[in-house]
Amino acid sequence: MAGAGTEEQLAQRLEELLAVERFAPPESFTEHALIKDRSVHEAAAADPVAWWAEQARTLDWFKEPTVALDDSNPPFYQWFTDGTINASHVCVDRHVAAGNGDRVAFHWYGEEGEQRDITYADLHRDVQRMAGALKARGIGRGDVVGIYLPMIPEVVVAMLACARIGAPHNVVFGGFSAESVRERMEFSDAKALITVDGARRKGKTAPVKVNVDEVMGDLPALETIFVVRHTGVDTPMTDGRDVWVHEAMEAAPAEVPAEELPAEHPLFILYSSGSTAKPKGILHTTGGYLTGVAWTHKYVFDLKPEEDVWFCSADVGWITGHSYIVYGPLANGATSVMYEGAPDYPHKGIWWELCEKSGATIFYTAPTAIRACMKWGVEHVEPHDLSKLRLLGTVGEPINPKAWLWYHEVVGDGRCPIVDTWWQTETGAIMITTLPGAQDAKPGIAGTPLPGIDAAVLDEDGNEVPPNTQGLLSLRRPWPSMLRTLYRDDDRYLSTYWSRLGRETYVVGDAAKMDDEGYVSVIGRIDDVLNVSGHRMSTAEIESAIVSHELVAESAVIGQADEDTGQSVAAFVILQGDLEGTAELEADIREHVAVRIGKLARPKRIIWTDDLPKTRSGKIMRRLLRDIAEGRALGDVTTLRDPGVMEELQQLVASEQSESG
Ligand code: WT7
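Since this is a predicted model, take the numbers as computed values, not measurements.

## Side note on the overall build of the chain
A count of helices and strands for the chain gives 20 helices and 32 strands. Relative to a compact globule of 661 residues, whose C-alpha radius of gyration would be 26 Å, the chain shows 24 Å and is just as compact. For the chain, the spread of C-alpha atoms along the three principal axes comes to 70 × 60 × 55 Å. Residue burial in the chain is summarised as follows: out of 661 residues, 59% are buried. The contacts in the chain between residues at least 6 apart in sequence include a share of 70% that link residues at least 24 apart. For the chain, the accessible surface area stands at approximately 25800 Å², while carbon and sulfur atoms represent 47% of it.

## Focus: the pattern of salt bridges
Opposite charge on two side chains permits pairing when their charged atoms draw close. With the rule as written, the count across this model stands at 38 salt bridges. Here Arg241 makes a salt bridge to Asp242, at a shortest N to O gap of 2.6 Å. The exposure class assigned to Arg241 is buried, which follows from its relative accessible area of 13%. A cluster of three or more residues bridged by salt bridges with shared partners is formed by Arg22, Asp440, Lys442, Asp515 and Glu517.

## Digging into the layout of surface pockets
By volume, the second largest pocket amounts to about 600 Å³. Surrounding the second largest pocket, 25 residues form its lining, Glu7, Ala11, Met374, Glu550 and Gln576 being those nearest its centre. If you list the elements that add at least two residues to the lining of the second largest pocket, you get α1 (4-17), α14 (367-376), α15 (401-411) and β30 (552-562). Looking at the lining of the second largest pocket, the element that brings in the most residues is α1, giving 8 residues. For the lining of the second largest pocket, the class distribution of residues is 12 nonpolar, 5 polar and 8 charged.

## Regarding the sheet that holds strand β5 (residues 115-119)
In a beta sheet, neighbouring strands are held together by backbone hydrogen bonds and run either parallel or antiparallel to one another. Strand order in this open sheet of 7 strands is β5-β4-β17-β16-β18-β19-β20, and the pairing throughout is mixed. In this open sheet, the two edge strands, each paired with only one partner strand, are β5 and β20 (418-421). Within this sheet the neighbouring strands show an average axis-to-axis angle of 20 degrees, counted without direction. Bridging between strand β19 (residues 391-395) and β20 involves 4 bridges; their strand directions are parallel. Note on β20: the bridge partner recorded for Val395 is Thr421. Against the sheet, α15 contacts β18 (362-365), β19 and β20, and its axis sits at roughly 155 degrees relative to β19.

## Details of a negative patch on the surface
A cluster of acidic residues, Asp578, Glu580, Asp610, Asp611, Asp642, Glu647 and Glu648, forms a negative patch at the surface. Mapped onto the elements, Asp610 comes out in the loop between β32 (605-608) and α19 (622-629).

## A word on the environment of Leu160
The residue Leu160 is located in helix α7 (residues 153-165) in this model. The spatial distance from the C-alpha of Leu160 to the C-alpha of His89 is 8.9 Å, given a sequence separation of 71 residues. Those residues within four positions of Leu160 in sequence are excluded, and the remaining contacts are Ser88, Cys91, Val92, Val127, Val326, Tyr327 and Leu330.

## A closer look at the packing of α14 against α15
Packed helices, taken two at a time, are described by the angle between their axes plus the distance between the axes. Two numbers describe how α14 lies on α15: the axes approach to 10 Å, and their chain directions differ by 70 degrees. As summarised for this structure, α14 and α15 are arranged roughly perpendicular, according to the angle between their axes. Residues Ile370, Arg371, Cys373 and Met374 of α14 form the contact with α15, whose own contacting residues are Lys402, Ala403, Trp406 and Tyr407.

## A word on the site of the ligand
Taken together, 16 residues are adjacent to the ligand, and Asp420, Thr421, Thr425, Asp510 and Arg525 come closest. Glu397 places a polar main-chain atom, nitrogen or oxygen, 3.3 Å from a nitrogen atom of the ligand. Gln424 is positioned such that a nitrogen or oxygen atom in its side chain is 3.0 Å from an oxygen atom of the ligand. Class assignment of the residues belonging to the shell around the ligand gives a composition of 6 nonpolar, 5 polar and 5 charged.

## Structural notes on the pairing of strand β11 (residues 224-228)
Along any regular strand, the residues point their side chains to alternate faces of the sheet. Counted residue by residue, β11 has 5 buried out of 5 residues, so it is predominantly covered. Of the two faces of β11, both are covered, the one formed by Thr224, Phe226 and Val228 as well as the one formed by Ile225 and Val227. Judged from the 5 bridges that link them, strand β8 (residues 192-196) and β11 form a sheet pairing that is parallel. Bridge pairing in β11 places Ala192 opposite Thr224.

## Comments concerning the pairing of β18
Neither face of β18 is exposed, since Ile362 and Tyr364 on one face and Phe363 and Thr365 on the opposite face are all buried. Note: strand β16 (residues 309-312) against β18, 3 bridges, orientation parallel. Across the sheet, Cys312 pairs through a bridge with Tyr364, a residue of β18. Of the strand pairs in this sheet, β18 and β19 are connected by 4 bridges, and their pairing is parallel.

## Some points on the nonpolar core
Ile194, Met216, Phe226, Phe301, Tyr327, Leu330 and Leu473 are the most contacted members of the largest nonpolar core, which totals 140 residues. Element by element, the count of residues in this core is highest for α7, at 10 residues. By size, the runner-up hydrophobic cluster in this structure holds 36 residues, among which are Tyr339, Ala369, Val381 and Trp406.

## Describing the sheet that holds strand β24 (residues 471-475)
The 4 strands lie next to each other as β23-β24-β26-β27, forming an open sheet whose pairing is antiparallel. Looking at the sheet topology across the chains shown, the edges are occupied by β23 (455-458) and β27 (520-525). On average, each strand axis in the sheet is inclined to that of its neighbour by 45 degrees, with strand direction left out of account. Pairing analysis gives 4 bridges linking β23 to β24, with the strands arranged antiparallel. Looking at β24, one finds that Val457 is bridged to Leu473.

## Some words on the packing of aromatic side chains
Counted by the stated rule, this structure contains 28 aromatic pairs. Ring plane angle 90 degrees and centroid distance 5.1 Å describe the contact between Tyr324 and Trp423, whose orientation is recorded as edge-to-face. With a gap of 99 residues between them, Tyr324 in helix α12 (residues 319-331) and Trp423 in the loop between β20 and β21 (432-433) connect regions that are remote in the sequence. Both residues of the pair, Tyr324 and Trp423, count as buried. Seen from the ring of Trp108, Arg116 lies directly overhead, with NZ or CZ sitting 5.9 Å from the centre. Sitting over the ring of Trp244, Arg229 keeps its end group 5.6 Å from the ring centre.

Rules used in this analysis
- Residues numbered from 1 in each chain as written.
- Predicted model: local features only at pLDDT ≥ 70, side-chain atom pairs only at ≥ 80, totals over all residues.
- Heavy atoms only, no water.
- Helix = DSSP H or I, 4+ residues; strand = E, 2+ residues; numbered from the N terminus.
- Rg over C-alpha atoms; globule rule 2.2 N^0.38 Å.
- Buried < 20%, exposed > 50% of the residue type's maximum accessible area, 1.4 Å probe, protein only.
- Contact = heavy atoms within 4.5 Å.
- Areas by Shrake-Rupley, 256 points an atom, 1.4 Å probe, with all protein chains shown as cover.
- Salt bridge = Lys/Arg side-chain N within 4 Å of Asp/Glu carboxyl O.
- 1 Å grid on protein atoms, 1.4 Å probe; cavity = no way out; pocket = protein on both sides within 12 Å on 5 of 7 lines; lining within 4 Å.
- Points joined across faces, edges and corners; volume = space filled by probe spheres on them.
- Nonpolar A, V, L, I, M, F, W, Y, C, P; charged D, E, K, R; others polar.
- Pairing = 2+ DSSP bridges.
- Axes fitted to C-alpha atoms, helices over the stretch in contact; angles between N-to-C directions.
- Patch = residues over 30% accessible without salt bridge, like charges linked within 9 Å, V, L, I, M, F, W, Y side chains within 5 Å.
- Lys, Arg positive; Asp, Glu negative; His and termini not counted.
- Charge placed at Lys NZ, Arg CZ, Asp CG, Glu CD.
- Parallel < 35°, antiparallel > 145°, perpendicular 65-115°, else oblique.
- Near = heavy atom within 4 Å.
- Polar contact = N/O pair within 3.5 Å; in protein donor to acceptor, adjacent residues only side chain to side chain.
- Core = buried A, V, L, I, M, F, W, Y, C linked by side-chain atoms within 4.5 Å.
- Phe/Tyr/Trp six-rings, centres within 6.5 Å; stacked < 30°, edge-to-face > 60°.
- Lys NZ or Arg CZ within 6 Å of the ring centre and 35° of its normal.

Listed below in structure tokens is the structure:
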């Protein structure tokens, strides 16, 4: 068991490793890797469209496409237009037909220690019945179906059942409020909603259907509410509108064939926050999306479906869950781990316990989660046997080198390559990373554009900036899994992504740099870039520097309006353990940042705090921090995981001001 000494030794080792710029994959990894060198990048670059068409052929089409890319009306690109396909057939039926019905699709673990194994044959049975239940309520091609479910196997069945009959699903993350479900059902004119009686979270049961009822009553398009029985909480049902899923499935036929759909048939809408208050309905279609997620899931994660156990800790309600819990892994016939609960329930080592139990070989999570685990300490990791793990991944935000190294040393035991995957809801699939058997990883730097992807860092005129210079991350060539539009809002699609550099260059919205080996470091959203005395700086870069201070656990940096310098750097800082902020420590951190980046980046102001306002997906809401720091009325706080944080912060800043004033 790790004593205090071990934690200290670890800190020391991580400190030393900060000097290591690149980590080559161990030979033993490369030896067995699906891709061992960069020849695939080269092959794809020679003719990307033809290369993608070749990858698409590995899916099981009803009718193979003869057209790869239709670029006659940019940026409304289409892929594989004359092919026909069905996502539920690709993800389920073909594996059963190939004799793999007994393979486990999901090792599902419940919060209270339950375990259920769901095979591909189980999915085949349930998805057909669920599709039949939807059809019995008049739902068919093109009808939008909302899904508001926790992390239970039924959520996968519901998604695939929609796909089976060509009804685009619109999943709303279970942590969002019923109000936001209503809004999303309204925006998409959903004809049905699939939800649950109640959900469990950290040992408590919360009613869900009852809350939905309170806000959903008067939506004219919403004809049916399907309810999954999960917790057994009291659930009043409205006659004529509400249907128990288990009853509807029993009444449905056992065989409901997958419909032959055009490749460009909409598979799903997923709402994501944009720069305005109204969420964007990101639309993905079938053939191209499946091509992108299947390829990236297989090759970025070096997946051997017969041997590997895949564990993605995301929630199905986000794009990561859509692409790397549902469609990618199932298209590849993988065996996955699915966990219902929170990472710290019933204890802070639950992920590692599940890795051990399931024999997980590949683990994919977010940097924010890794930082939380760091803070909780190695004693939650070490009791578990993680020797089966062979590859680790991260997604969602830049990972600071210290967290990368902790993940590498503590979870990966120094032996597992890490893939830092950059992508977005809009891109559908991973765009930038390293192929783990073929490329070195550089901590804190995502990697190179994947085969078939033309990512570049451009200036405002669309020219490439020199290496190591900050610019606009852009994708210059269409790719199969790209969004097709914003649902019912082509204008916003055009203005958000295709106005800045023209209709053939997708502007990502992130600032980035590319080094002379083509590795991209993503600096952060464009709106999080600061300008201090005319110098551009990234909040993420400063945060990373602050967090690399040995006494700091987490930090959020904002640009604060400043008379002298335009903007100045303000940092909210969470210290390790129970440490108290002092003037000395403040000076120390400022000096630390000066050493890591430069004097200009030093925070002018440090605000000690115990918590930060985060969205439910773990993103720090800097907009709210700016409001607080500048003493403004708070903007919308409804997407916060814990709105209570804001009150505490306001008091903190107010007391700081009265002290200094
Ligand atoms: C934004 C997209 C893709 C699933 C989760 C987030 C940031 C994402 C990375 C990474 C640096 C990253 C970008 C991007 N981001 N992955 N590996 N390194 N930044 O999906 O909510 O659509 O957010 O997340 O800023 O634009 P999303």
